[in-house]
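Single-letter residue listing:
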Amino acid sequence: MGDDGWRDYFGFDAPYDQQADAVESAIDAGERGGYLAMEGPCGTGKTMAALTAAASLVRETDGYERVLVVTPVKQQLQQFVADLRQLNRGLEDPLDAVALVGKRDLCPYGREDAFPPDASVHDRCEDLREHTADLVDADQSSGFDGQDARELTELRAAAALDDPWWDPATARDLARSARADAGHTLSENPLGTAGAASPYVPVQPSAPEDLADGDPPLFCPFEADWYGRNKGSPVGFDVGAHNVATSEDFLPAAVEYGTCPHRVQQVLLDHAEVVVGNYNHLFDPRTRGLTEHLLDERTFVVVDEAHRLEERVRDLLSDRVGRHTLARARNDLRSLLTRAKQSSENRRQVEDELASYEVSLDAVEEAVDFLGDVLDWLDDRVAAYLADEGHDPRRPRSLPEHDHEIPLRDPETDEPDELTEWAERRGYTGGLWRSLANVGTAAEAVIEDDGDRSAVCGAVGITLQRWWERDHATYFREVELEHAPKESGRAGAPWAEAYTPALVTYNCMPARALRETFAELGGGVLMSATLEPLDVFREVTGLDRLEAGAGDAEARPVVERRYDLRFPRENRASFLVDATPFTARNRGDPSRDNDNRTREQYRYVLRTVARSPGNVLVCMPNYREAAWAGDYLAGAVEKPVLVDESSSNEATDDLKRRFFRGGGKVLVTSTRGTLTEGVDYDGEKLAACCVVGVPLVNVGSPRVRAVRRAYADAFGEDNAFEYALTVPAVRRARQAIGRVIRSPEEVGVRVLAGRRYVEGARHSVHGYLGPGEREEFTRMTPEFLGDQLESFWREHGEG
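A brief report on the enclosed structure follows. Note that this is a predicted model, so its numbers are computed, not measured.

1. Some points on the overall build of the protein
(1) Moving on: When helices and strands are counted, the protein shows 30 helices and 21 strands.
(2) Moving on: For 799 residues, the compact-globule estimate of 2.2 N^0.38 gives 28 Å, and the protein sits close to it at 29 Å.
(3) Moving on: Projected onto its principal axes, the C-alpha coordinates of the protein cover approximately 85 × 70 × 60 Å.
(4) Moving on: Counting across all 799 residues of the protein, residues that qualify as buried make up 55%.
(5) Moving on: Contacts in the protein between residues at least 24 apart in sequence constitute 75% of all its contacts with a sequence separation of at least 6.
(6) Moving on: Accessible area of the protein: about 34,600 Å², with a carbon and sulfur share of 42%.
(7) Moving on: Within the protein, the 144 negative side-chain charges are centred at a point lying 6 Å from the centre of the 93 positive side-chain charges.

Structure (structure tokens):
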């Protein structure tokens with residue numbers, strides 16, 4: 001590629017110097033099959049730089065066919081869409097692009113609550129799809145009837161290699177039978193959603209009698225139309241502005257055509273040059289099926305908000321199965337046994353159906369016994385834990401109103417967990433554990449053949465098999481007790497009125513899975529405003545081992561770039577307040593702080609910053625401390641004080657709207673909450689931000705201790721605490737202060753309060769700030785903060 005060939009794809013008149021360097025660095029890494037790790041604050045132009053490099057690689061080289069962009073933040077997804085459209089605006093041949101959403105957001109019946117209330121959108125949709133496929137099957141009358149689901153799928157797949165197994169004409173007739181103008185009594189009110197009217201009746205239609213064998217099943221006319229078009233789509237990329245199609249574009253268009261919006265998205269995905277999605281589409285093994293066929297060496301990936309990789313992928317790779325789900329799985333298997341015992345004919349039928357999966361009825365019975373014993377063990381373990389903690393499990397109203405972790409092994413020791421050891425003592429061997437996935441999957445298929453899609457025994461079997469097979473150093477086993485009060489306990493145990501228990505295998509070390517995912521792809525960009533220290537980022541994400549060619553893998557280059565904030569420095573004041581470290585030991589209990597000198601220091605810092613003109617964001621280490629700060633500031637400043645707490649997304653969004661509306665306010669939150677990153681406080685929405693203390697997670701949590709142990713094994717004992725806990729905490733703080741200055745014209749104050757942010761202090765985290773921050777932030781003791789702030793605001797006409 002020519003040195004400046006990428007400029008043809010750049011969406012604006014001219015790039016910043018930082019952008020040009022970022023584009024060329026990404027192209028260099030991509031051409032060599034490697035990755036660029038890039039830190040750049042707001043204003044760097046990371047999004048356009050990454051897209052420009054990716055577009056150049058796809059269009060101007062032979063190495064790549066497509067780009068996959070993943071971000072965990074909805075607002076950032078929208079930014080990628082906007083920048084893609086800006087890029088395409090200048091191209092004669094724009095890149096075809098699609099932004100992905102989930103099936104629940106696209107199903108017309110689900111969106112309009114047309115499904116039965118006891119059915120999930122996913123399950124109901126799958127039922128209708130299967131019924132529709134049966135109705136349009138071209139060979140339905142020639143031997144396909146009566147085949148089990150797995151065999152039918154295999155036959156259809158084989159047929160697709162030559163002629164399609166479906167009959168398009170039958171599919172079109174089927175869709176036409178559901179049209180609102182086909183003589184239905186509800187024809188005056190066709191189904192509509194997303195502001196568009198479909199051709200169909202507003203209820204799920206039944207198949208015409210001449211197409212059904214027996215009682216006419218319900219079907220999906222949108223799905224039938226897709227078959228009628230030979231699995232094609234009447235909606236193209238041009239439905240979106242500048243060939244970037246989002247659900248706001250293709251959903252109403254598909255509805256008006258009467259074809260399935262999710263299938264339309266699938267067709268667009270298969271032909272797109274750029275795909276924009278979320279982390280699940282790349283990292284979640286359970287849900288990335290939609291994009292699986294795209295994840296190869298011909299794909300260039302852009303990972304946004306990459307500082308979140310460890311946390312988010314760790315969650316995606318962890319398993320959780322609740323007690324209620326375990327009981328449902330046991331009941332699924334019981335129902336199959338009950339059906340087999342009803343008659344000798346039933347028994348033969350069930351045995352034959354299970355045999356196609358190489359599963360016996362005895363294996364199902366053994367799994368039922370095992371699940372029943374696991375449920376009893378779980379109930380006993382929870383009761384014993386509560387009693388050991390000094391609580392009476394028989395008195396639910398007296399139990400603590402918070403969640404609990406019950407570790408099933410010493411978090412500091414790589415050893416088998418209590419449940420596994422209990423099972424071995426009871427004679428439940430590894431052979432049984434390993435059989436659970438196959439037994440559950442087979443039973444679920446047989447049950448679903450009878451029309452019940454609510455079975456969970458397959459998924460539970462897979463989870464329990466992984467419980468046995470996964471190593472104990474990487475995966476930490478525990479019982480999670482969620483405080484979720486109910487009128488009565490599902491299991492009959494009194495404590496179940498207060499808590500919902502679950503078995504959890506928690507992933508402590510995502511680096512290997514990340515490395516394996518990146519090794520599958522051709523190359524890419526991993527970017528964020530807060531990746532520093534980059535050497536730590538490379539280690540914990542597996543990039544360093546990818547570069548070294550760990551195992552049999554080919555060595556892949558990793559390029560690093562870091563950029564400083566490019567907006568006028570005179571528009572911001574940045575302070576490190578050298579106050580007593582705001583640690584649990586120093587600050588004490590917030591409910592008993594009258595004589596606490598540490599809290600007195602921070603009262604002064606809080607009220608001094610909070611009195612800044614305009615909106616002020618105060619970030620405390622946790623929500624309990626946020627409540628303390630909010631109570632104090634409510635009587636210390638003459639402006640409204642809003643206090644965030646751990647709550648629903650709707651409540652948080654409402655709080656954010658109140659903060660943005662009207663005159664200056666103070667918003668107090670946890671630095672680890674959802675208001676400190678991924679939220680754009682642009683314009684006059686935020687004048688100052690104060691982060692108090694280093695926002696470490698609860699280091700005493702068994703789960704956190706297990707993560708620390710795993711990091712010690714992988715990266716060395718001396719690095720464990722820093723890599724697992726301190727670095728992510730400092731990134732949280734940096735994200736929070738990064739909310740203040742979002743454009744060249746904005747003016748604001750950034751304060752990191754606590755001695756640990758100061759260079760040379762005991763347990764200092766100063767070295768984990770970005771190079772520009774270390775240079776720019778000024779150290780001062782609390783008593784000088786007021787004068788400095790007054791001087792800054794006076795210089796900017798606010799004094």
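Further notes follow.
2. As for the pattern of salt bridges
(1) Moving on: All chains considered together, the criterion is met by 60 salt bridges.
(2) Moving on: A salt bridge links Arg 734 to Glu 39; the nearest nitrogen and oxygen atoms lie 2.8 Å apart. Pair noted here: Arg 734 is in helix α28 (residues 717-737) and Glu 39 is in strand β1 (residues 35-39), with a separation of 695 residues, a long-range link.
(3) Moving on: You can call Glu 39 buried: its relative accessible area is 4%.
(4) Moving on: One network of salt bridges, with partners in common, ties together Arg 320, Glu 405, Glu 478, Glu 480, Glu 482 and Arg 703.

3. Digging into the packing of aromatic side chains
Centre distance and the angle of the planes are the two values used to describe a pair of aromatic rings.
(1) Moving on: Counted under the stated rule, the structure contains 26 aromatic pairs.
(2) Moving on: Ring geometry for Phe 370 versus Tyr 428: centroids 4.8 Å apart, planes at 75°, classification edge-to-face. Taken together, the residues span a long stretch of sequence, with Phe 370 in helix α16 (residues 361-388) and Tyr 428 in the loop between α17 (418-425) and α18 (430-449) at a distance of 58 residues.
(3) Moving on: On the basis of relative accessibility, which here comes to 10%, the residue Tyr 428 falls in the buried class.
(4) Moving on: Aromatic side chains Phe 370 and Trp 433 sit 5.0 Å apart centroid to centroid with 70° between the ring planes, which places their arrangement in the edge-to-face category. Here the residue Phe 370 occupies a position in helix α16, and Trp 433 occupies one in helix α18, the gap between them amounting to 63 residues. The burial state of Phe 370 is the same as that of Trp 433; both residues are buried.
(5) Moving on: Ring pairs connect the aromatic residues Phe 370, Trp 377, Trp 422, Tyr 428, Trp 433 and Trp 468, which therefore count as one cluster.
(6) Moving on: For the cation-ring pair, Arg 603 lies above Tyr 632, with the distance from its terminal atom to the ring centre recorded as 5.9 Å.

4. Considering the environment of Pro 217
(1) Moving on: Structurally, Pro 217 is set in the loop between β5 (196-197) and α9 (221-228).
(2) Moving on: Pro 217 gets classed as partly exposed once you look at its relative accessible area, which sits at 23%.
(3) Moving on: Once the C-alpha coordinates of Pro 217 and Ala 629 are considered, the two residues, 412 residues apart in sequence, prove to be 60 Å apart.

5. Section: the sheet that holds strand β20 (residues 748-753)
Across a sheet, paired strands are connected by hydrogen bonds in the backbone, their directions being either parallel or antiparallel.
(1) Moving on: The seven strands lie next to each other as β17-β18-β16-β19-β20-β15-β21, forming an open sheet whose pairing is parallel. Across the chains shown, the open sheet's two edge strands, defined by having one partner strand only, are β17 (641-643) and β21 (778-780). The sheet shows a mean angle of 20° between the axes of neighbouring strands, taken without regard to direction.
(2) Moving on: Here strand β16 (residues 616-620) runs beside strand β19 (residues 688-692); their pairing, made up of four bridges, is parallel. Paired with Val 616 across the strands is Ala 688, a residue of β19.
(3) Moving on: Packing against the sheet, helix α25 (residues 623-634) makes contact with β16, β17 and β18 (666-670), and its axis sits at approximately 160° to β18.

6. Some details on the nonpolar core
(1) Moving on: With 55 residues, the main nonpolar core has Leu 326, Leu 354, Phe 370 and Leu 503 as its most contacted residues.
(2) Moving on: Sorting the residues of this core by element identifies α14 (323-341), α15 (344-355), α16, α17, α18, α19 (457-469), β11 (475-483) and β12 (499-507) as the ones contributing at least two each.
(3) Moving on: Take this core: its biggest share by element is 13 residues, from α16.
(4) Moving on: One finds Val 540, Ala 720, Ala 724 and Val 765 within the second-largest nonpolar core, a separate group that totals 50 residues.

7. Quick look at the sheet that holds strand β3 (residues 97-99)
(1) Moving on: Across the sheet, which stays open at both edges, the eight strands sit in the order β6-β3-β7-β2-β8-β13-β1-β14 with parallel pairing between neighbours. Each end of this open sheet is capped by a strand with a single partner; those strands are β6 (244-245) and β14 (558-562).
(2) Moving on: Where helix α1 (residues 17-31) meets the sheet, it contacts β1, β8 (299-303), β13 (523-528) and β14, and its direction lies at approximately 155° from that of β1.

8. Observations concerning the environment of Glu 412
(1) Moving on: Its place among the elements puts Glu 412 in the loop between β10 (404-407) and α17.
(2) Moving on: Among the residues examined, Glu 412 registers a relative accessible area of 36% and is labelled partly exposed.
(3) Moving on: When near neighbours in sequence (up to four residues on either side) are disregarded, Glu 412 contacts Arg 705 and Arg 709.
(4) Moving on: A distance of 3.5 Å separates a polar atom in the side chain of Glu 412 from a polar atom in the side chain of Arg 705.

9. What to know about helix α8 (residues 168-177)
(1) Moving on: For α8, the set of buried residues is Pro 168, Thr 170, Ala 171, Leu 174 and Ala 175. For α8, the buried positions fall inside an angular range of 160° around the axis, keeping them on one side.
(2) Moving on: Those residues of α8 that are buried are in contact with α5 (121-136) and α9.

10. With respect to the pairing of β11
(1) Moving on: Counting buried residues along β11, seven of its nine residues qualify, which places the element largely inside the surrounding structure.
(2) Moving on: Both β10 and β11 contribute to a ladder of four bridges, which runs antiparallel. Each residue of the ladder has a partner; that of Ile 406, found in β11, is Val 479.
(3) Moving on: Bridge analysis of β11 against β12 gives nine bridges, and the strand direction is antiparallel. Note on β12: the bridge partner recorded for Phe 476 is Tyr 506.

11. Structural notes on the packing of α18 against α19
(1) Moving on: Relative orientation of the contacting elements α18 and α19 amounts to 165°, with a least axis distance of 7 Å. Between α18 and α19, the angle falls in the class roughly antiparallel. Seen from above, α18 lies across α19 with left-handed handedness. Touching Gly 430, Trp 433, Arg 434, Leu 436, Ala 437, Gly 440, Thr 441, Ala 443, Glu 444 and Ile 447 of α18 are Cys 457, Gly 458, Ala 459, Gly 461, Ile 462, Leu 464, Gln 465, Trp 467, Trp 468 and Glu 469, all from α19.
(2) Moving on: The residue makeup of the contact of α18 with α19, split by class, is 11 nonpolar, six polar and three charged.

Reading the values: the criteria
- Position numbers for residues start from 1 in each chain and track the written sequence from start to end.
- For this predicted model, a pLDDT threshold of at least 70 governs which residues receive local features, and a threshold of 80 or more governs which side-chain atom pairs are given and counted, while totals over whole chains, interfaces and linings are taken from all residues.
- Only heavy atoms go into the side-chain values, all of them from the structure, while hydrogens and water stay out.
- To qualify as a helix, a DSSP run of H or I must reach at least 4 residues; to qualify as a strand, a run of E must reach at least 2; elements of each kind are numbered from the N terminus.
- The atom set for the radius of gyration is the C-alpha atoms, and the globule formula is 2.2 Å times the number of residues raised to the power 0.38.
- Type-normalised accessible area, obtained with a 1.4 Å probe on protein chains alone, sets the label of each residue: buried when under 20%, exposed when over 50%, and partly exposed for intermediate values.
- We call two residues contacting when some pair of their heavy atoms lies within 4.5 Å.
- Accessible surface is estimated by sampling points in the Shrake-Rupley manner with a 1.4 Å probe; for residues, cover comes only from the protein chains shown.
- His residues and chain termini do not enter the charge count, which takes Lys and Arg as positive and Asp and Glu as negative.
- Charge positions come from single atoms, namely NZ of Lys, CZ of Arg, CG of Asp or CD of Glu.
- A side-chain nitrogen of Lys or Arg and a carboxyl oxygen of Asp or Glu constitute a salt bridge if their distance falls within 4 Å.
- Between rings of Phe, Tyr and Trp, where Trp is taken as its six-membered ring, a pair exists when centres lie within 6.5 Å; planes separated by under 30 degrees are stacked, by over 60 edge-to-face, and by other angles tilted.
- Whether a charge sits over a ring depends on NZ of Lys or CZ of Arg being within 6 Å of the ring centre and within 35 degrees of the ring normal.
- Whether two strands pair comes down to DSSP finding at least two bridges between them.
- To obtain each axis, a line is fitted to C-alpha atoms, and for helices this fit is confined to the stretch in contact; angles are then taken between N-to-C directions over 0 to 180 degrees.
- What we call a nonpolar core is a set of buried Ala, Val, Leu, Ile, Met, Phe, Trp, Tyr and Cys residues that are connected through their side-chain atoms within 4.5 Å.
- Pairing of N or O atoms within 3.5 Å defines a polar contact, subject to two protein rules: one partner must be a possible hydrogen donor and the other a possible acceptor, and residues neighboring in sequence count only if both atoms are side-chain atoms.
- Relevant arc is that of directions from the helix axis to the C-beta atoms, nothing else.
- Any angle that falls under 35 degrees is termed roughly parallel, while one over 145 is termed roughly antiparallel, one within 65 to 115 roughly perpendicular, and all others oblique.
- If you view the pair so one helix is near and one far, a crossing is left-handed when the near helix is turned anticlockwise from the far one by less than a right angle, and right-handed when it is turned clockwise.
- Following the grouping adopted for this structure description, the nonpolar residues are Ala, Val, Leu, Ile, Met, Phe, Trp, Tyr, Cys and Pro, the charged ones are Asp, Glu, Lys and Arg, and the polar ones are all others, Gly among them.

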